[in-house]
Amino acid sequence: MKAVVITEPGPPDVLRVEEVPDPEPGDGEIRVRVEATAVNRADIIQRRGHYPAPDDWPDDIPGLEYAGVVDAVGPNVSVWDVGDRVMGLVGGGGYAEYVVVPADEAIAVPDGYSPEEATAIPEAFITADDALEMRMGLRGRETLLIHAVGSGVGTAALQLARAIGATVIGTSRSAWKLERAREMGLDVAIDTSGNGGFAEPVLDATARRGVSAVLDLVGGPYVEEDVKCVGYLGRIVLIGLTGGRTAELDLGTLLKKRVTLVASVLRTRPPAEKAAAARTFEETVLPLLRRGAVRPVIHEVVPMADVVRAHELVESNETFGKVVLRW
């Protein structure tokens, strides 16, 4: 099969489409003929040599999600048949013509969704759903602050929060992304391209009460300001570190407000936890996708042969939603 291979750690041009052995499904596994995948920040960090794949996943083939058709079924699989359309998350290897996945982690593609649309769903919506539903327990009438609201996860979280009935405040360093987010229902937009921070604008927008919860895809110094602008009994869920791995926290404020700070990641979870996240997603998000209440946001679909340009595009930070790769 063909696959995009990281020939050595480095910039986007280290990626090459090469021939590699076809994978074979084992016990409880299915093989999927991948029609589309998408570029995620983890792929970029892995390409640079700083984010190795979990055990049993390829270090040299990036890709955290897929959409395609079941091509082969291993022993002890009763849920899927050859020809079924599926999508889901993988620990790596998504940039390949075929990928082998545990059968209980695959998800049926909703009717009416193209492969390009389907592959833009798993990473963004499962991550957002897990954060909002399971980690912070977001409820209607609460106020949620989303950082990097124009990202794939950010746009998914915005839609899910609105479906729950929450008020949403979003941050971005790009005014045009905030305008796009407003069109999707963002209640308050905060431009963080300057040096003024976001805590004061958030407090002003909430009559100094602070937000109920924060979904932080940035990390670094943002976490310190999260603590400042979250309200009493507020929750902060940290799922990204594009802003850095370290932060200074005022622990006194953390205690006074009784803030809950939770860190979460999907890629390195045990298979049983990933399967559970997929089942929760099927119960909570798939019905919304089926009736069009939420939709994946795609910036551009790029042929797999142009994978270098796709990585350059994501690294430019000039995208809104997902960049999809299509075989």
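Residues numbered from 1 in each chain as written. Predicted model: local features only at pLDDT ≥ 70, side-chain atom pairs only at ≥ 80, totals over all residues. Heavy atoms only, no water.

### Thoughts on the overall build of the chain
Basically, it comes down to this: Helix and strand assignments come from DSSP, with helices taken as H or I runs of at least 4 residues and strands as E runs of at least 2, each series counted from the N terminus. Restricting the calculation to C-alpha atoms gives the radius of gyration, and the globule rule supplies 2.2 Å times the number of residues raised to the power 0.38. Residue contacts follow a heavy-atom distance rule, with two residues in contact if any of their heavy atoms lie within 4.5 Å. Note on areas: Shrake-Rupley, 1.4 Å probe, and residue coverage restricted to the protein chains presented here. When charges are tallied, Lys and Arg are placed among the positive residues and Asp and Glu among the negative ones, while His and the ends of the chain are skipped. Charge positions come from single atoms, namely NZ of Lys, CZ of Arg, CG of Asp or CD of Glu.
Along the backbone of the chain there are eleven helices and 15 strands. Relative to the 2.2 N^0.38 estimate, which gives 20 Å for 327 residues, the radius of gyration of the chain is 20 Å and therefore close to what a compact globule would have. Oriented by its inertia axes, the alpha-carbon framework of the chain measures out at about 60 × 40 × 35 Å. A separation threshold of at least 6 residues defines the contact pool for the chain, and within that pool the share at least 24 residues apart is 69%. Total accessible area on the chain is roughly 14100 Å²; 49% of this is exposed by carbon and sulfur atoms. One way to put it: in the chain the 34 positive side-chain charges average out to a point 7 Å from where the 49 negative ones average out.

### Some words on helix α4 (residues 152-164)
Rules: Take the residue count of a helix, subtract one, and multiply by 1.5 Å to get its expected span. When a residue's accessible area, from a 1.4 Å probe over protein chains only, is under 20% of the maximum for its type it is buried; when over 50% it is exposed; and in between it is partly exposed.
The terminal C-alpha atoms of α4 lie 19 Å apart, and with 13 residues this matches the ideal 18 Å at 1.5 Å per residue to within 8%. Counting buried positions over the 13 residues of α4 gives ten, a clear majority of the element. If you check which residues of α4 are buried, you get Gly152, Val153, Gly154, Thr155, Ala156, Ala157, Leu158, Gln159, Leu160 and Ala161. Count one or two residues on from α4 and you reach glycine 165, which has phi positive near 105°.

### What about the environment of arginine 135?
Positionally, arginine 135 belongs in helix α3 (residues 122-135). Under the relative-accessibility criterion, arginine 135 is labelled partly exposed at 34%. The spatial distance from the C-alpha of arginine 135 to the C-alpha of serine 264 is 8.0 Å, given a sequence separation of 129 residues. What arginine 135 contacts, discounting residues up to four positions off in sequence, is Asp130, Val237, Val262, Ser264 and Arg269.

### Section: the side chain of lysine 177
To keep things clear, this is the line we draw: Whenever a carboxyl oxygen of Asp or Glu lies within 4 Å of a side-chain nitrogen of Lys or Arg, that contact is scored as a salt bridge.
Relative to the assigned elements, lysine 177 resides in helix α5 (residues 175-183). In this structure lysine 177 is buried but unpaired, with glutamate 318 as the nearest side chain of opposite charge at 6.0 Å. Among residues more than four places away in sequence, those in contact with lysine 177 are Ser172, Asn317, Glu318, Thr319 and Phe320.

### Description of the environment of glycine 28
With respect to the element layout, glycine 28 can be found in the loop between β2 (15-19) and β3 (29-39). Residue glycine 28 is classed as partly exposed on the basis of its relative accessible area, which comes to 24%. Measuring from C-alpha to C-alpha, the distance between glycine 28 and proline 75 comes to 5.9 Å, with 47 residues separating the pair along the chain. With residues near it in sequence (within four places) discarded, glycine 28 still touches Pro75, Asn76, Val77, Val101, Pro102 and Ala103.

### A closer look at the nonpolar core
Here is a general trend for soluble globular proteins: nonpolar side chains tend to be buried in one another's company. Condition: Among buried residues, the Ala, Val, Leu, Ile, Met, Phe, Trp, Tyr and Cys ones that are joined through side-chain atoms within 4.5 Å form a nonpolar core.
Counting residues in each nonpolar core, the largest one holds 44 residues, and the members touching the most others are Met87, Phe125, Leu132, Leu144, Leu215 and Phe281. The set of elements that each furnish at least two residues to this core consists of α3, β8 (143-146), α4, α5, β11 (211-216), α9 (271-284) and α10 (286-290). If sequence neighbours within four positions are ignored, leucine 144 has contacts with Leu132, Met136, Leu138, Ala161, Thr167, Val168, Ile169, Ala213, Val214 and Leu215. Among the nonpolar cores identified, the runner-up in size contains 21 residues, and Val14, Ala310, Leu313 and Val314 belong to it.

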